[in-house]
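# Report on the structure
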Amino acid sequence: MIMKKKRVLVIGHRTPDSDAVCSAIGYAYFKNHLDKTRLYIPCRAGTLNDETTFILERFNLETPVRIDSVVATVEDMDIKKPVSVSPEQTMMEIAHLIKDRNIQGFPVVDAENRLLGIVDKLDLVVHYVERLEMENLSAIPIDLSHFMSALHGKIQANTGKMKQLSGEIFVAASQRGTTINRTRHGDIAILGDRADVQMDLIKAGCSALIITGDHPVSKEVLELAREKEVLIISSPCRTFATARLINLCMPISYLMSKTVPTVGLITTVNEVREKILESKYRCVMIVDDDDHLIGIITRSDLLEPIQKQVILVDHNEISQAVDGIESADILEIIDHHRVGDISTIGPITVYNEPIGSTCTIVAGQIFLHRIEMIPDIAGVLLSGILSDTLLLTLSTTTGKDREMANKLAEIADLDLTTFGKELLASSINLKGKTPRDILFQDFNTY
């Protein structure tokens, strides 16, 4: 069995600039080479600006996934493939499944795996206790093969080639006259080795006789049954057990509840908890947009903490982070700003250096671990450095920024001056922008 890799979101601050996005791309590339047990996904926490869009197009890279919240959702859970049943399966089959697999309940699905309903142990118990009388099979016929499988009986006659038991069913336990008078055409009778009554019931129009106790059926009864196309079944069970088996062979479509609590993959874990608490089934079903069954969540699945795993780049303050960061599992922080107010439960890796760009740190880690620096990644990291240092001219620029920029430019086969001018030009596109748009396009609240 191939285990699904745990996803880790590598994400920068809100209103992302080029350094935040480029460092997320570069660090995800670095971690995916270093750690094969997880899948590191570069993300963004907002709309891309013109400069960053230019960079991604220039180096043929996909736009990072937009993440507006890191609150845990269903897709962060370890979803197991559910054991489902079809609506044609019998109550007896479901009871055996509950016993053998120690599962409380089962989703009911159609042939295309669309969720139809749910049935559980309590439904079976209540149905069995409340149904003292045998069900009328006119509305819900029983498949003959299902009944024979449960009964372990034998078909003695079936010239009419019946495939279902259908009609009113009764135990012929009364006196002969009473039994014959209450019989209607198409009825199914359960009785013992009373050959005279068996003959009368066939003549009265019964569609089937179930002879209990494994008693032999006389030659005369079988001949008449074949002539009248009446089904004769020999049951090894006594009359009471045979009668009870009839009810247990009803299809679960007759019993299942169609009111099923459902969630999607993007439903938050808090919503899941509320739905499970409200549900009498103590579970919820995971479905897609077309109601195909994906999985099932029970109360026990919520015992362990469920969190999105994230790595923060280019920020370390709650006010700058994506929504829900307080509930996420922060694995690392890679930054070049002041130390903010984000706290974690356990120790984590924090790399914070007073330099001009987070991309400088990321590039340094890739070189340090001797991971191949491909031209496109080199170009993206170079872009982040040049953007955050305004082409290496700001006072925050360090010797390390310049060293990394030159190294990356060589790998990407770029001239620093020429490419820097292209980058700068892409960032000062004022077409269609108001003065307010220009003022707040790279504006963060601290």
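Residues numbered from 1 in each chain as written. Predicted model: local features only at pLDDT ≥ 70, side-chain atom pairs only at ≥ 80, totals over all residues. Heavy atoms only, no water.

### Observations regarding the packing of aromatic side chains
In plain terms, the rule: Stacked, edge-to-face and tilted labels apply to pairs of Phe, Tyr and Trp rings (six-membered ring for Trp) whose centres lie within 6.5 Å, assigned for plane angles under 30 degrees, over 60, and everything in between, in that order. Going along the chain from the N terminus, every DSSP run of H or I of four or more residues is numbered as a helix, and every run of E of two or more is numbered as a strand.
Under the defined criterion, the tally for this structure stands at two aromatic pairs. Ring plane angle 45° and centroid distance 5.4 Å describe the contact between Tyr-27 and Phe-30, whose orientation is recorded as tilted. Taken as a pair, Tyr-27 and Phe-30 lie in helix H1 (residues 18-34) at a separation of three residues, close to a single helical turn. Note on Phe-59 and Phe-419: the rings are 5.8 Å apart at their centroids and 65° apart in plane angle, and the pair reads as edge-to-face. One end of the pair, Phe-59, is in the loop between helix H2 (50-58) and strand S3 (65-66); the other, Phe-419, is in helix H14 (residues 416-427), with 360 residues separating them in the sequence.

### Describing the nonpolar core
Which entries qualify depends on this criterion: Note on terminology: a nonpolar core comprises buried Ala, Val, Leu, Ile, Met, Phe, Trp, Tyr and Cys residues joined through side-chain atoms within 4.5 Å. Only protein chains enter the accessibility calculation, which uses a 1.4 Å probe; a residue is then buried when its area is under 20% of its type maximum, exposed when over 50%, and partly exposed in between. What makes two residues a contact is simply this: any of their non-hydrogen atoms within 4.5 Å.
Judged by nonpolar contacts, the single largest core of 44 residues is most densely connected at Ile-311, Ile-366, Met-373, Leu-381 and Leu-408. Here this core gets eight residues from one element, more than from any other, and that element is H1. In this structure, Ile-366 is in contact with Gly-26, Tyr-29, Phe-30, Ile-371, Met-373, Ile-377 and Leu-381, ignoring residues within four places of it in sequence. If you look at the next biggest cluster of nonpolar residues, it comprises 34 residues, including Leu-151, Ile-190, Met-250 and Ile-252.

### Brief notes about the packing of H1 against helix H12 (residues 375-388)
Stated precisely, the cut-off is as follows: To obtain an axis, a line is fitted to C-alpha atoms, over the contacting stretch when the element is a helix, and the angle between two such axes runs from 0 to 180 degrees between their N-to-C directions. Any angle from 65 to 115 degrees is called roughly perpendicular, while one under 35 is roughly parallel, one over 145 is roughly antiparallel, and all others are oblique. By definition, turning the near helix anticlockwise from the far helix through less than a right angle yields a left-handed crossing, and turning it clockwise yields a right-handed one. Side-chain classes follow a simple rule in which Ala, Val, Leu, Ile, Met, Phe, Trp, Tyr, Cys and Pro form the nonpolar group, Asp, Glu, Lys and Arg form the charged group, and the remainder, Gly included, forms the polar group.
Running from N to C, H1 and H12 point in directions that differ by 150°, and their axes come no closer than 8 Å. With respect to H12, the axis of H1 lies roughly antiparallel. Crossing handedness for the pair H1 and H12: left-handed. Across the interface between the two elements, Ser-18, Asp-19, Cys-22, Ile-25, Gly-26 and Tyr-29 from H1 touch Ile-377, Val-380, Leu-381, Gly-384, Ser-387 and Asp-388 from H12. Tallied by class, residues from the contact of H1 with H12 come to six nonpolar, four polar and two charged.

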